[in-house]
Amino acid sequence: MSKLKENFNDKKMTAVIILSCLGIVSMLADIFSYKKALWYIVLAGVAGAIVANLNEKSNAIIYDMLLTDNYAIWFSTLILALVLLWFMVSKDQYESGVYNSSDNYALILFATVGALILTSFSDLTMMFLGIEILSIPLFILAGSNKKDVSSNEASLKYFLAGAFASGILLFGITFIYGSTGTFKLDKIADWANAAGSNLPALFYTGILLVMVGLAFKVSAAPFHFWTPDVYQGSPMFVTAFMATIVKGAAFAGFFRLFYTSFTSASGSWALILSILIAATILTGNIIAVYQSSVKRMLAYSSIAQAGYILLTVLLSNQEAKYALLLYIASYGVSTITAFTVLYHVEKIKGTDTFESFTSLSQTHPLLSVVMTIAMLSLAGIPPTIGFFAKFYLFSSVLKSNTSYLWLIMVSVAGSLVSVYYYFRVIIAMYGQHEPIISSEKKQIPAFYNVLLLLLVCVIIILGMMPDVLMSIDNL
Amino acid sequence: MSESIQQYIPIAMQFLVASGFVITTIVASWLLGPKVKTLHKLDTFESGLQPVGNARMQFSIKYFLVATIFVLFDVEVIFFYPWAVNFREFIQEGFEGFGKMLLFMAPVLIGFFYVIKKGALEWD
Amino acid sequence: MEQIIFIILSLAAIISALVVIFSNNPVYSVLSLVITFFSIAGHFVLLNAQFLAIVNVIVYAGAIMVLFLFVIMLLNLNKSSEPSAPLIMKVASSVAGGLLFITLLGALRQSEASAGLSGGNIGSVESLGRTLFTNFLFPFEVSSVLFLSAMIGAVMLGKKNLKDS
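### Details of the overall build of chain A
Turning to step 1, where the next piece is worked out: For chain A, the count of helices and strands is 21 helices and two strands.
Turning to step 2, where the next piece is worked out: Rg of the C-alpha trace for chain A: 22 Å, near the compact-globule value of 23 Å for 475 residues, within the 12% margin.
Turning to step 3, where the next piece is worked out: With the C-alpha coordinates of chain A rotated into their principal frame, the extents come out at 70 × 55 × 40 Å.
Turning to step 4, where the next piece is worked out: Per-residue burial for chain A yields a buried fraction of 64% across its 475 residues.
Turning to step 5, where the next piece is worked out: Here chain A displays about 16,400 Å² of accessible surface, and carbon together with sulfur accounts for 67% of that area.
Turning to step 6, where the next piece is worked out: Side chains of chain A carry 26 positive and 24 negative charges; the gap between the two charge centres is 3 Å.

What follows is the structure, given as structure tokens:
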């Protein structure tokens, strides 16, 4: 009978429990004054959560709400790894004294709990709760630089857009519940299979509303208007968190829902989704060309990348899972690297425009090499992981359905455009030679040099042998 | 369901009485009270100084902080009702029926501790 | 009898919701939003969901709307004219909203409630509590994380100078 205890002994959802407790530990750090040790505690805790997550009993059903299948375990691991990385690279920002690290870390950890739920839910209630737990800490984090007006604006805009999207999503969930009578993903799938081709309009409408709500969350066009301002206004590493971990988790949830429940009804949403993808890729890439701030450029690039990642939802087959895992890993690592370099450049030069990268190769050769590799990976150029991720994604789309050829053509065209703005950064760093002001020679701490080198190694080594991620059985 | 509507008649009566009382008093005072409408009578402060400036003012954010925290705890406390109503039934399962609520209460209490220790409720 | 109450409540909800949008004075907007919430609480009672009705009144109409009201009264709202959107925006949003309305209406018109939804006493405090603490126990416990993060957020954004150690 004692279900609580039983779950505890079975090592189910240990990562969620560890992270929730870690969040509480982190929020109390100020009060019990162990803030100096907090960073180490958090790092150890997240590492522990990764280990616990890998040891999770597979295919366990937790309270009929979560399902720890291979998909859940591997996406959770990926997200936890990205969080661990995030804590390492963001150390400098939270030691600067502008932010209260204990509150910020607690919010990040709670958001991660939401991300983990989004990778493993088997019930629409859990999906909604996961999205809320993921977004509410981020509304706050976006405004965590209280003295900066653009940060306040980012917080408000993100909150309004996010609340609106949640409302639409909830509306869609209600419609789906109204027509199927269940929240369970597998039962919805059974119901849709049994109904065959005469699905009621209520169900279609529900799917479309859910799709719109999730498209808001992953910032797919035409629901992307909040993204540039929010990404630009938020503190640098909060933006990095939003662009990588939040987006990754939202896509994992998006794919999980559509793959498990709505594949048999794909006739009703595939066309709309493919139009959404084409619009996202074109808008993101084309507007990114006109930006003068690198941070804003990365925001538009993240919109464009969301378009590519949405291709996996359109596919919704076994191969798409691998493509999604690979793409989120590649995009996550590259983006975190790019934001880390950008953070240090902004700290040294004071701005985040393309001009601030001018002749960076002379003062900071390492930063320039790292940024170059990150840009190459985002643009999808070998030998980086980004190339392989894109290649695998496009080829798996073509392999399964040749009628999406036009979409692949749009994607390739978008990628070509993206080369222009990614290379603008590289050309700025290596192209012009300008007299160097001595204040710009300030070097970054050795810790970050080592970390950045490590990240570059990950990007290149994964690019050389992406089989590491492809060899997971039965994702 | 028509019988269940009968159950709500007392509540409806209460609503009627409450709103009826308010409406009656307002209308009555309007009807019975003397009406003098001169320029001075309509001043903000009759036979006082002319008001200067604006009545609206910036207000301390502390009020909102306390109000927000109130709303949060209000929502949390709402969850206690369905638990309390079924308490007899839950307690049959032994400690677990109590533990369910304890698990929910613990973060709430930690949050309360946090709010107090951070000095969010200090009005200085 | 029930139908008459339904019609009265629906009319009250729709009219007060329209007042929320069309009123120029934000205080009137909030007050009519309170009326909307009350009439929706009435709908909940008609659907036999007494607990939701009470929660709706206590939390929304009671706490949140009063908070809204105070915020609005304390805001600097001297400028009564707000910038009106360009015509093309108005047309586009009416078309988009109208299309959404037609879609929802169409979807609701030709569908019937699935079996298992229309239980007799599903909304009472007792049966809701039973469901919440058995089937939905896990989401319930997880939601405390949500409360914690909201609390941190309120303190973090609301407190002017947190004493950093």
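On we go.
### Side note on the interface of chain C and chain A
Turning to step 1, where the next piece is worked out: Opposite the 31 residues of chain C that make contact, chain A presents 40 residues.
Turning to step 2, where the next piece is worked out: Put simply, chain C and chain A have zero salt bridges between them.
Turning to step 3, where the next piece is worked out: The interface formed by chain C and chain A includes one residue pair in polar contact (both at pLDDT 80 or more).
Turning to step 4, where the next piece is worked out: The element best represented in the side of chain C that touches chain A is helix α6 (residues 137–158) of chain C, accounting for 13 residues.
Turning to step 5, where the next piece is worked out: Classifying every residue of the side of chain C that touches chain A gives 18 nonpolar, nine polar and four charged.

### Quick notes on the nonpolar core
Note on soluble globular proteins: their nonpolar side chains tend to be buried together.
Turning to step 1, where the next piece is worked out: By size, the foremost hydrophobic cluster in this structure holds 218 residues, and its most contacted members are Trp86, Phe87, Leu257, Phe258, Phe357 and Met375 of chain A.
Turning to step 2, where the next piece is worked out: When neighbours within four sequence positions are excluded, Phe357 of chain A is seen to be in contact with Val294, Val341, Leu342, Val345, Met371, Val425, Ala428 and Met429 of chain A.
Turning to step 3, where the next piece is worked out: If you look at the next biggest cluster of nonpolar residues, it comprises seven residues, including Val34, Ala61, Leu69 and Ile72 of chain C.

### Digging into helix α20 (residues 446–464) of chain A
Residues and elements named next belong to chain A.
Turning to step 1, where the next piece is worked out: In this model α20 runs 27 Å from its N-terminal to its C-terminal C-alpha over 19 residues, within 8% of the 27 Å that 1.5 Å per residue would give.
Turning to step 2, where the next piece is worked out: Looking only at α20, the buried set comprises Tyr448, Leu451, Leu452, Leu455, Val456, Ile459, Leu462 and Gly463. Down the axis of α20, the sector holding all buried residues measures 140 degrees, keeping them to one side. Looking at α20, the residues exposed on the side facing more than 90 degrees away from the buried face are Ala446, Val450, Leu454 and Met464.

### Observations concerning the packing of aromatic side chains
Centre-to-centre distance and the angle between the planes together describe a pair of aromatic rings.
All names here are of chain A.
Turning to step 1, where the next piece is worked out: Scanning the model with the defined rule gives 47 aromatic pairs over all chains in all.
Turning to step 2, where the next piece is worked out: Centroid distance Phe203 to Phe262: 5.9 Å. Interplanar angle 80 degrees. Geometry classified as edge-to-face. With Phe203 in helix α10 (residues 201–217) and Phe262 in the loop between α12 (236–261) and α13 (266–289), this pair connects stretches of sequence that are 59 residues apart.
Turning to step 3, where the next piece is worked out: Under the relative-accessibility criterion, Phe262 is labelled buried at 0%.

### Focus: the side chain of Ser359 of chain A
Residue and element names in this part refer to chain A.
Turning to step 1, where the next piece is worked out: If you trace the backbone, Ser359 turns up in the loop between α15 (318–349) and α16 (360–363).
Turning to step 2, where the next piece is worked out: Residue Ser359 is classed as buried on the basis of its relative accessible area of 7%.
Turning to step 3, where the next piece is worked out: Sequence-distant contacts of Ser359, defined by excluding residues within four places in its chain, comprise Ala428, Met429, Gln432, His433 and Glu434.

### What about the pattern of salt bridges?
Turning to step 1, where the next piece is worked out: As enumerated under the stated definition, the model contains 13 salt bridges over all chains in all.
Turning to step 2, where the next piece is worked out: In this structure, Asp123 of chain A engages Lys184 of chain A in a salt bridge whose closest nitrogen and oxygen atoms are separated by 2.3 Å. Taken as a pair, Asp123 of chain A in the loop between α6 (101–120) and α7 (124–142) and Lys184 of chain A in the loop between α8 (149–180) and α9 (185–195) lie far apart in primary sequence, 61 residues in all.
Turning to step 3, where the next piece is worked out: Under the relative-accessibility criterion, Lys184 of chain A is labelled buried at 13%.
Turning to step 4, where the next piece is worked out: One salt bridge in this structure joins Glu153 of chain A and Lys157 of chain A, with 2.8 Å as the shortest N-O distance. In this pair, Glu153 of chain A and Lys157 of chain A are both assigned in helix α8, four residues apart and thus about one turn of the helix distant.
Turning to step 5, where the next piece is worked out: Take Glu153 of chain A: its relative accessible area is 37%, and that puts it in the partly exposed class.
Turning to step 6, where the next piece is worked out: A network of salt bridges, in which partner residues are shared, links Asp30, Lys35 and Asp103 of chain A together with Lys118 of chain B.

### Focus on unusual backbone geometry
For residues besides glycine, phi is generally negative; the peptide bonds are generally trans as well.
Residue and element names in this part refer to chain A.
Turning to step 1, where the next piece is worked out: Looking along the chain, the bond that leaves Ala221 and enters Pro222 is cis, with omega of 0 degrees.
Turning to step 2, where the next piece is worked out: Within the secondary structure, Pro222 sits in the loop between α10 and α11 (227–233).
Turning to step 3, where the next piece is worked out: Pro383 follows Pro382 through a cis peptide bond whose omega is 10 degrees.
Turning to step 4, where the next piece is worked out: Among the secondary structure elements, Pro383 is positioned in the loop between α17 (365–379) and α18 (385–400).
Turning to step 5, where the next piece is worked out: The phi dihedral of Asp64 is positive, around 65 degrees, even though this residue is not glycine.
Turning to step 6, where the next piece is worked out: Mapped onto the elements, Asp64 comes out in the loop between β1 (61–62) and β2 (66–67).

### Some details on the packing of α10 of chain A against helix α4 (residues 87–109) of chain C
Turning to step 1, where the next piece is worked out: Relative orientation of the contacting elements α10 of chain A and α4 of chain C amounts to 140 degrees, with a least axis distance of 7 Å. Taken together, the axis directions place α10 of chain A and α4 of chain C in an arrangement best described as oblique. Two packed elements cross with a definite hand, and for α10 of chain A against α4 of chain C that hand is left-handed. Along its contact with α10 of chain A, which presents Ala201, Leu202, Thr205 and Leu209 of chain A, the element α4 of chain C presents Leu100, Thr103, Leu104, Ala107 and Leu108 of chain C.

### Some points on the interface of chain C and chain B
Turning to step 1, where the next piece is worked out: If you look at the interface, chain C gives 47 residues, while chain B gives 44 residues.
Turning to step 2, where the next piece is worked out: With both sides pooled, the region where chain C packs onto chain B buries about 4,100 Å², and carbon together with sulfur makes up 74% of that total.
Turning to step 3, where the next piece is worked out: For the chain C face of the interface with chain B, the top three residues by lost area are Phe133, Phe147 and Met151 of chain C, together amounting to 16%.
Turning to step 4, where the next piece is worked out: With a closest N to O distance of 3.1 Å, Glu89 of chain B and Arg130 of chain C form a salt bridge.

### Thoughts on the layout of surface pockets
Turning to step 1, where the next piece is worked out: Quantified by volume, the second largest pocket comes out at close to 1,200 Å³.
Turning to step 2, where the next piece is worked out: Surrounding the second largest pocket, 31 residues form its lining, Ile11, Ala12 and Phe15 of chain B together with Leu9 and Gly42 of chain C being those nearest its centre.
Turning to step 3, where the next piece is worked out: Breaking the lining of the second largest pocket down by element, the ones donating at least two residues are α1 (2–7) and α2 (9–32) of chain B together with α1 (2–22), α2 (26–46) and α3 (50–74) of chain C.
Turning to step 4, where the next piece is worked out: If you tally residues by element for the lining of the second largest pocket, the top one is α2 of chain B, at 10 residues.
Turning to step 5, where the next piece is worked out: When its residues are assigned to classes, the lining of the second largest pocket shows 24 nonpolar, seven polar and no charged.

### Looking at the side chain of Thr182 of chain A
All names here are of chain A.
Turning to step 1, where the next piece is worked out: Inspection of the secondary structure assignment puts Thr182 in the loop between α8 and α9.
Turning to step 2, where the next piece is worked out: At a separation of 3.0 Å, a polar atom in the side chain of Thr182 contacts the main-chain amide nitrogen of Lys184.
Turning to step 3, where the next piece is worked out: Ignoring sequence-local partners within four residues, the contact set of Thr182 consists of Tyr177, Lys187 and Ile188.

### Let's talk about the confidence of the model for chain C
Residue and element names in this part refer to chain C.
Turning to step 1, where the next piece is worked out: In the predicted model, chain C carries a mean pLDDT of 83, and the fraction of residues at 70 or more is 85%.
Turning to step 2, where the next piece is worked out: When mean pLDDT is taken per element in chain C, α1 scores highest with 92 and α3 scores lowest with 85.
Turning to step 3, where the next piece is worked out: With pTM at 0.91, the complex prediction returns an ipTM value of 0.88.

### What to know about the environment of Phe70 of chain C
Turning to step 1, where the next piece is worked out: Following the sequence through the fold, Phe70 of chain C ends up in helix α3.
Turning to step 2, where the next piece is worked out: Linking Phe70 of chain C and Val27 of chain C, residues 43 residues apart in sequence, is a C-alpha distance of 9.2 Å.

### Here we look at a nonpolar patch on the surface
Turning to step 1, where the next piece is worked out: On the surface, a cluster of nonpolar side chains totalling about 720 Å² of accessible area is made up of Leu87, Val91, Val95, Leu99, Phe101, Ile102 and Leu105 of chain C.
Turning to step 2, where the next piece is worked out: Locating Phe101 of chain C in the fold gives a position in helix α4.

### A closer look at α17 of chain A
Three or four residues apart is the spacing at which side chains of an α-helix point the same way, because the helix has 3.6 residues per turn.
Residue and element names in this part refer to chain A.
Turning to step 1, where the next piece is worked out: With 15 residues, α17 should reach 21 Å at 1.5 Å per residue; the first-to-last C-alpha distance of 21 Å fits that figure.
Turning to step 2, where the next piece is worked out: When you tally the buried positions in α17, you get 12 out of 15 residues, the bulk of the element.
Turning to step 3, where the next piece is worked out: Within α17 the residues assigned to the buried category are Leu367, Ser368, Val370, Met371, Thr372, Ile373, Ala374, Met375, Leu376, Ser377, Leu378 and Ala379.
Turning to step 4, where the next piece is worked out: Each element contacted by the buried residues of α17 is listed here: α14 (294–315), α15, α16, α18, α19 (405–430) and α20.
Turning to step 5, where the next piece is worked out: Positive phi shows up at Gly380, right after α17, with a value of about 85 degrees.

Parameters and conventions
- Residues numbered from 1 in each chain as written.
- Chains lettered and ligands numbered in written order.
- Predicted model: local features only at pLDDT ≥ 70, side-chain atom pairs only at ≥ 80, totals over all residues.
- Heavy atoms only, no water.
- Helix = DSSP H or I, 4+ residues; strand = E, 2+ residues; numbered from the N terminus.
- Rg over C-alpha atoms; globule rule 2.2 N^0.38 Å.
- Buried < 20%, exposed > 50% of the residue type's maximum accessible area, 1.4 Å probe, protein only.
- Areas by Shrake-Rupley, 256 points an atom, 1.4 Å probe, with all protein chains shown as cover.
- Lys, Arg positive; Asp, Glu negative; His and termini not counted.
- Charge placed at Lys NZ, Arg CZ, Asp CG, Glu CD.
- Contact = heavy atoms within 4.5 Å.
- Salt bridge = Lys/Arg side-chain N within 4 Å of Asp/Glu carboxyl O.
- Polar contact = N/O pair within 3.5 Å; in protein donor to acceptor, adjacent residues only side chain to side chain.
- Nonpolar A, V, L, I, M, F, W, Y, C, P; charged D, E, K, R; others polar.
- Core = buried A, V, L, I, M, F, W, Y, C linked by side-chain atoms within 4.5 Å.
- Expected span 1.5 Å × (residues − 1).
- Arc of directions from axis to C-beta.
- Phe/Tyr/Trp six-rings, centres within 6.5 Å; stacked < 30°, edge-to-face > 60°.
- Axes fitted to C-alpha atoms, helices over the stretch in contact; angles between N-to-C directions.
- Parallel < 35°, antiparallel > 145°, perpendicular 65-115°, else oblique.
- Left-handed = near helix turned anticlockwise from the far one by under 90°.
- Buried area = accessible area lost by both parts, 1.4 Å probe.
- 1 Å grid on protein atoms, 1.4 Å probe; cavity = no way out; pocket = protein on both sides within 12 Å on 5 of 7 lines; lining within 4 Å.
- Points joined across faces, edges and corners; volume = space filled by probe spheres on them.
- pLDDT = per-residue confidence, 0-100.
- Patch = residues over 30% accessible without salt bridge, like charges linked within 9 Å, V, L, I, M, F, W, Y side chains within 5 Å.

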